[in-house]
Amino acid sequence: MQIFVARLPGTPVFDPAGDKIGRVRDLVVGLRIGRRPNVHGLVVEVQPRRRVFLPITRVRRIEAGSVVFTGRLNMRRFEQRDTETLVIGEMLDLEVRLGDQPMTVYDVAMEEVKPSAWEITKVALYKGRRREPRTVAWSEVSGFDKLQKDQGAAGLIAAFETLRAADMASALHELPSKRRVEIARALNNDRLADVLEELPPDDQIGILDTLEPERAADVLEEMGPDDAADLLHDLPEEQAAKLLALMEPREAAPVRRLLPYPDDSAGGVMTSEPVVLPPNATVAEALAHIRQHDLTPAVAAQVYVTRPPTETPTGTFLGVSHFQRLLREPPSTLLGKVLDPSIDPIRPEFTLLQVTYYLAHYNLLAAPVVDGLGRLLGAVTVDDVLDHLLPEDWREAAGGRDDEQDDGDDREGGRS
């Protein structure tokens, strides 16, 4: 059976009992001089965002939509060895040679050469800008013994195009810094903004520093104002001011309003772009607004009602309409008649601890933030509160400590 590796990322992985334990993120191989690479195993991401190694000797089936393994999975965090190569992260987009012609790696295929032993046997290549892959035997290609300075990114992006932004950020974080920057620079502004919002601050700054200032400003414009403000807070003051000046004034305005608030306050974590409508808007209009694809579930959980104008921070706050209430009302009902009278807004100077207690007490996904004049400034969502309450390295530490007790298995299975 021949399997093209670029199709594997995101494939669910099931244990012997049929329970899904994670998803495939990459394939680990060992390059051998004069011989086809042997497959060591799969990198599998298990919750919460922990990458572990699954030896190929324990894989029983790889079929459409699933990978099934036997035995027990070692939960120790995966660490790539010097003698190993990641197919998705390092081979795709590599410039190699087919005879005397320069070609680019589009995909590679692996085959089971004997029970539980797999090798890379085929390479899909393309030349120039024409993306019509040509599949040849591994032995016909040279150049896999090195990684170019400018390796390109199209193949890896194609392999990860269906991932959520958080999962792609996790994948990027695990790549060598050179590859991480190459991939990030090749993403379009909208996708890059989504991914940056999910990366640790050091990765965000490292990527932003490699972009031309004009493009960095464009990416900041695509980010949520609260995330853009957080990132600018982490930059040197002169660099942050330069990027703000390059942003479109309309896009920079909400970011500027958030910058004066401390990071550990309601004002510092709120979004200035919640769903805001006047009291004479109908339930049908409200539902149409919260169905927008680019809204997160927390932001779309409720509609904030203010007197015109409805852009923050100018409208006088009147109340909140929860989406569950909206679903129960006739479409023609006015929002002014379906406000929740039990919800009092919070102030921008509230600490994160106060906001946490507030959300927990009322079982809310978000809360309105109002100034002393009664104007709606924005909304604090539970996901932003969690981001700021967790340690700064929570993405790296999400899977626990590397030296924690595991199930007793080691990583030797399938290696040679």
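Everything in this summary refers to the structure shown in the same document. This one's a predicted model, so the numbers in the text were calculated from it and none came from an experiment.

Conventions adopted
Residues numbered from 1 in each chain as written. Predicted model: local features only at pLDDT ≥ 70, side-chain atom pairs only at ≥ 80, totals over all residues. Heavy atoms only, no water. Helix = DSSP H or I, 4+ residues; strand = E, 2+ residues; numbered from the N terminus. Buried < 20%, exposed > 50% of the residue type's maximum accessible area, 1.4 Å probe, protein only. Contact = heavy atoms within 4.5 Å. Axes fitted to C-alpha atoms, helices over the stretch in contact; angles between N-to-C directions. Parallel < 35°, antiparallel > 145°, perpendicular 65-115°, else oblique. Left-handed = near helix turned anticlockwise from the far one by under 90°. Nonpolar A, V, L, I, M, F, W, Y, C, P; charged D, E, K, R; others polar. Phe/Tyr/Trp six-rings, centres within 6.5 Å; stacked < 30°, edge-to-face > 60°. Salt bridge = Lys/Arg side-chain N within 4 Å of Asp/Glu carboxyl O. 1 Å grid on protein atoms, 1.4 Å probe; cavity = no way out; pocket = protein on both sides within 12 Å on 5 of 7 lines; lining within 4 Å. Points joined across faces, edges and corners; volume = space filled by probe spheres on them. Pairing = 2+ DSSP bridges. Core = buried A, V, L, I, M, F, W, Y, C linked by side-chain atoms within 4.5 Å.

### Thoughts on the overall build of the chain
Thinking step 1. Across its full length, the chain carries 16 helices and 18 strands.
Thinking step 2. Taken along its principal axes, the extent of the C-alpha atoms in the chain is 75 × 50 × 45 Å.
Thinking step 3. A buried classification covers 51% of the 416 residues belonging to the chain.
Thinking step 4. Of the contacts formed within the chain by residues at least 6 apart in sequence, a portion of 60% connects residues at least 24 apart.

### Description of the packing of helix H5 (residues 189-196) against helix H7 (residues 213-222)
Thinking step 1. For the pair H5 and H7, the least separation of the axes is 8 Å and the interaxial angle reads 70°. The angle between H5 and H7 places the two elements in the roughly perpendicular class. Handedness of the crossing formed by H5 with H7: right-handed. Taking contact as the criterion, the partners of Asn-189, Asp-190, Leu-192, Ala-193 and Leu-196 in H5 are, on H7, Arg-215, Asp-218, Val-219 and Glu-222.
Thinking step 2. Along the lines of polarity and charge, the residues of the contact of H5 with H7 split into 4 nonpolar, 1 polar and 4 charged.

### Points about the packing of aromatic side chains
Thinking step 1. Counted according to the given criterion, the structure contains 4 aromatic pairs.
Thinking step 2. Ring plane angle 85° and centroid distance 6.3 Å describe the contact between Tyr-106 and Tyr-126, whose orientation is recorded as edge-to-face. Of the two residues, Tyr-106 is situated in strand E10 (residues 101-114) and Tyr-126 in strand E11 (residues 117-127); the sequence distance between them amounts to 20 residues.
Thinking step 3. The exposure class assigned to Tyr-106 is partly exposed, which follows from its relative accessible area of 31%.

### Looking at the pattern of salt bridges
Thinking step 1. Under the criterion given, the structure shown has 12 salt bridges.
Thinking step 2. We note a salt bridge from Glu-212 to Arg-185, for which the minimum N-O separation is 3.3 Å. With Glu-212 in the loop between helix H6 (201-208) and H7 and Arg-185 in helix H4 (residues 177-186), the pair connects residues that are 27 residues apart, well separated along the chain.
Thinking step 3. With a closest N to O distance of 3.9 Å, Arg-347 and Glu-349 form a salt bridge.
Thinking step 4. Exposure remark for Arg-347: the relative accessible area of 35% places this residue in the partly exposed category.
Thinking step 5. We classify Glu-349 as exposed; its relative accessible area is 51%.
Thinking step 6. In this structure, a network of salt bridges that share partners links the residues Arg-25, Glu-45, Arg-51 and Asp-167.

### Observations regarding the layout of surface pockets
Thinking step 1. When its volume is computed, the largest pocket comes out at roughly 2,100 Å³.
Thinking step 2. Considering the residues around the largest pocket, the lining is formed by 50 residues, among which Gly-224, Asp-294, Leu-295, Thr-296 and Val-299 are closest to the centre.
Thinking step 3. The dominant element in the lining of the largest pocket, judged by the number of residues it contributes, is helix H10 (residues 249-258), at 6 residues.
Thinking step 4. Broken down by class, the residue content of the lining of the largest pocket amounts to 19 nonpolar, 10 polar and 21 charged.

### Here we look at the packing of helix H8 (residues 225-234) against H10
Thinking step 1. Put simply, H8 and H10 touch, their axes get as near as 9 Å, and they point 65° apart. Considering how the two elements wind past one another, H8 and H10 form a crossing that is right-handed. In contact with Pro-225, Asp-226, Ala-228, Ala-229 and Leu-232 of H8, H10 contributes Pro-254, Val-255 and Leu-258.
Thinking step 2. Residue composition of the contact of H8 with H10, grouped by class: 7 nonpolar, no polar and 1 charged.

### Examining the sheet that holds strand E16 (residues 317-322)
Thinking step 1. Read across the sheet, 3 strands follow the order E14-E15-E16 without closing on themselves; strand pairing throughout is mixed. On the outer flanks of this sheet lie strand E14 (276-277) and E16, each paired with one strand and no other.
Thinking step 2. Where E14 lies against strand E15 (residues 302-306), 2 bridges are found, and the strand directions are parallel. When the bridges of E15 are listed, Leu-277 appears paired with Val-305.

### Some details on the pairing of strand E4 (residues 35-46)
Thinking step 1. Counting buried residues in E4 gives 10 out of 12 residues, a clear majority hidden from the surface.
Thinking step 2. As judged from the 8 bridges shared by strand E3 (residues 20-32) and E4, these two strands associate in the antiparallel manner. Its bridge partner being in E4, Asp-26 is matched across the sheet by Val-43.
Thinking step 3. Hairpin connection of E3 to E4: 2 residues between the antiparallel strands, including Gly-34 at a positive phi of 75°.
Thinking step 4. Taking the residues between adjacent antiparallel strands as the criterion, E4 and strand E5 (residues 50-55) are bridged by 3 residues, where Arg-49 takes a positive phi near 55°.

### What to know about unusual backbone geometry
Thinking step 1. In this structure, the amide linkage connecting Pro-308 to the following residue, Pro-309, adopts the cis form with an omega of -5°.
Thinking step 2. Position of Pro-309 relative to the elements: it lies in the loop between E15 and E16.
Thinking step 3. With an omega dihedral of 0°, the bond running from Thr-312 to Pro-313 counts as a cis peptide bond.
Thinking step 4. Tracing the backbone through its elements, the reader meets Pro-313 in the loop between E15 and E16.
Thinking step 5. The residue Asp-93 is not glycine, and still its phi comes out positive at about 75°.
Thinking step 6. The topology assignment puts Asp-93 in the loop between helix H1 (87-91) and strand E9 (95-98).
Thinking step 7. Phi at Asn-363 takes a positive value of approximately 55°, unusual for a residue other than glycine.
Thinking step 8. Within the fold, Asn-363 resides in the loop between helix H14 (352-362) and strand E17 (366-370).

### Some remarks on helix H3 (residues 165-174)
Thinking step 1. The buried count for H3 comes to 8 of 10 residues, which makes it a mostly enclosed element.
Thinking step 2. For H3, the complete set of buried residues consists of Ala-165, Ala-166, Asp-167, Met-168, Ala-169, Ser-170, Ala-171 and Leu-172.

### Some thoughts on the nonpolar core
Thinking step 1. Grouped together as the largest cluster of nonpolar side chains are 92 residues, with contacts concentrated most on Leu-27, Leu-42, Val-105, Met-110, Leu-125, Phe-144 and Val-380.
Thinking step 2. Contacts of Leu-125, omitting those with residues within four sequence positions, involve Val-96, Leu-98, Met-103, Thr-104, Val-105, Tyr-106, Glu-132, Pro-133, Arg-134, Val-136 and Val-141.
Thinking step 3. Core analysis: the second largest hydrophobic core is formed by 13 residues, Val-275, Leu-287, Ile-290 and Leu-335 among them.

### Digging into the environment of Leu-187
Thinking step 1. Counting through the fold element by element, Leu-187 comes out in the loop between H4 and H5.
Thinking step 2. Residues Leu-187 and Ile-157, spaced 30 residues apart in sequence, show a C-alpha to C-alpha distance of 7.7 Å.

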